[in-house]
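Listed below are the residues making up each chain.
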Amino acid sequence: LLGFSQGAALAAMVCALRARGDPRFPVAFAVLVAGFASRAPAHGHFYREPIALPSLHVVGDTDGVIAAALSRELARCFVEPAVLTHPGGHFIPAAAAQKKAYLEFLERFSPGQGQ
């Protein structure tokens with residue numbers, strides 16, 4: 001599952017449902033770029049328990065739309081999150097270093113890797 005910005009906020013809630021065993025969402029892992037935890041009171045239950053689903057959180061140090069602190073806060077809602085920080089803003093980084101990090105994360109889920 002890949003989510004960017006508001007889509008990453010929604011994807012995190014889907015991850016929470018999946019981690020609780022909801023069969024409607026057959027998600028194995030998530031990549032959340034510029035994500036944040038929803039502040040809506042009705043959404044608080046999504047974050048009460050750690051979300052036990054593999055996740056990669058991409059955080060832009062100079063993101064002027066979703067502050068890096070908000071993306072890091074969302075990452076802390078997950079069990080053992082992988083966090084990729086980049087010096088840019090509100091976009092999906094695609095430089096060589098980030099591509100390498102994406103591949104390393106995704107390789108964990110390729111056939112023959114045990115997951």
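Rules used throughout
Residues numbered from 1 in each chain as written. Predicted model: local features only at pLDDT ≥ 70, side-chain atom pairs only at ≥ 80, totals over all residues. Heavy atoms only, no water. Helix = DSSP H or I, 4+ residues; strand = E, 2+ residues; numbered from the N terminus. Rg over C-alpha atoms; globule rule 2.2 N^0.38 Å. Contact = heavy atoms within 4.5 Å. Lys, Arg positive; Asp, Glu negative; His and termini not counted. Charge placed at Lys NZ, Arg CZ, Asp CG, Glu CD. Expected span 1.5 Å × (residues − 1). Buried < 20%, exposed > 50% of the residue type's maximum accessible area, 1.4 Å probe, protein only. Phe/Tyr/Trp six-rings, centres within 6.5 Å; stacked < 30°, edge-to-face > 60°. UniProt positions renumbered as here; feature names shortened; annotations may be inferred. Polar contact = N/O pair within 3.5 Å; in protein donor to acceptor, adjacent residues only side chain to side chain. Core = buried A, V, L, I, M, F, W, Y, C linked by side-chain atoms within 4.5 Å. Disulfide = S-S within 2.5 Å.

Chemist: Break down the overall build of the chain for me, with residues and values.
Modeler: Secondary structure summary: the chain contains three helices and four strands in total. By the compact-globule yardstick of 13 Å for 115 residues, the chain fits well, its C-alpha radius of gyration being 14 Å. Sequence-distant contacts in the chain: of pairs separated by 6 or more residues, those separated by 24 or more amount to 77%. Of the side-chain charges in the chain, 10 are positive and 8 negative, and the distance between the mean point of each set is 4 Å.

Chemist: Describe helix α1 (residues 6-19), listing the residues and the values that go with them.
Modeler: For the α-helix, the turn length of 3.6 residues means that residues three or four positions removed from each other point alike. Between the first and last C-alpha of α1 there are 20 Å, a value that for 14 residues agrees with the 20 Å anticipated at 1.5 Å per step. Of the residues making up α1, those classed as buried are A8, A9, A11, A12, M13, V14, C15 and A16. Along its buried surface, α1 packs onto β1 (2-4), β2 (30-33) and α2 (68-75). Two residues or fewer past α1, G21 is found with a positive phi of approximately 95°.

Chemist: Go over the packing of aromatic side chains, please, and point to the residues and values.
Modeler: Any two aromatic rings considered together are summarised by their centre-to-centre distance and by the angle between their planes. Using the criterion set out here, one finds four aromatic pairs in the structure. On the basis of an interplanar angle of 20° and a centroid distance of 4.2 Å, the ring pair of F29 and F109 is categorised as stacked. In this pair, F29 sits in the loop between α1 and β2 while F109 sits in the segment after α3 (96-107), placing the two residues 80 residues apart along the sequence. Measuring from ring centre to ring centre gives 6.5 Å for F46 and Y47, while their planes differ by 65°; the resulting arrangement is edge-to-face. This pair shows no difference in class: F46 is buried, exactly as Y47 is. Three or more aromatic residues joined by ring pairs form one cluster here, namely F29, F105 and F109.

Chemist: An account of the environment of E104 is requested, with residue identities and associated values reported.
Modeler: As for its position among the elements, E104 is in helix α3. Among the residues examined, E104 registers a relative accessible area of 46% and is labelled partly exposed. C-alpha of E104 to C-alpha of F91: the two residues are 13 residues apart in sequence and 20 Å apart in space.

Chemist: Talk me through the UniProt feature "domain: Serine hydrolase" (unreviewed entry) in the chain; I want residue IDs and the actual numbers.
Modeler: UniProt records the feature "domain: Serine hydrolase" (unreviewed entry) for residues 1-101 in the present numbering. What you have in residues 1-101 is 28% helix and 18% strand, and the ends, taken at the C-alpha atoms, are 16 Å apart.

Chemist: Pulling in residues and values, what's your account of the side chain of H86?
Modeler: Along the chain, H86 falls in strand β4 (residues 82-86). Here G88 takes part through its backbone nitrogen, which lies 3.0 Å from a polar atom of the side chain of H86. Sequence-distant contacts of H86, that is, excluding residues within four places in its chain, are made with V58, V59, G60, D61, F91, P93 and Q98.

Chemist: Give a description of the nonpolar core that names residues and reports values.
Modeler: C15, L32, Y47, I51, L74 and F78 are the most contacted members of the largest nonpolar core, which has 18 residues in total. No other element matches α1, which puts seven residues into this core. Residues in contact with L74, not counting those within four places in the same chain, are A12, L32, G35, F36, A37, Y47 and H57.

Chemist: Please provide a residue-by-residue account of the state of the cysteines, values included.
Modeler: Should the sulfur atoms of two cysteines be covalently bonded, the bond is a disulfide. Following the criterion strictly, the structure yields zero disulfides and no others. Take C15: it sits in no disulfide, and the sulfur closest to it among the cysteines is that of C77, at 11 Å. Judged by its relative accessible area of 15%, C77 falls in the buried class.

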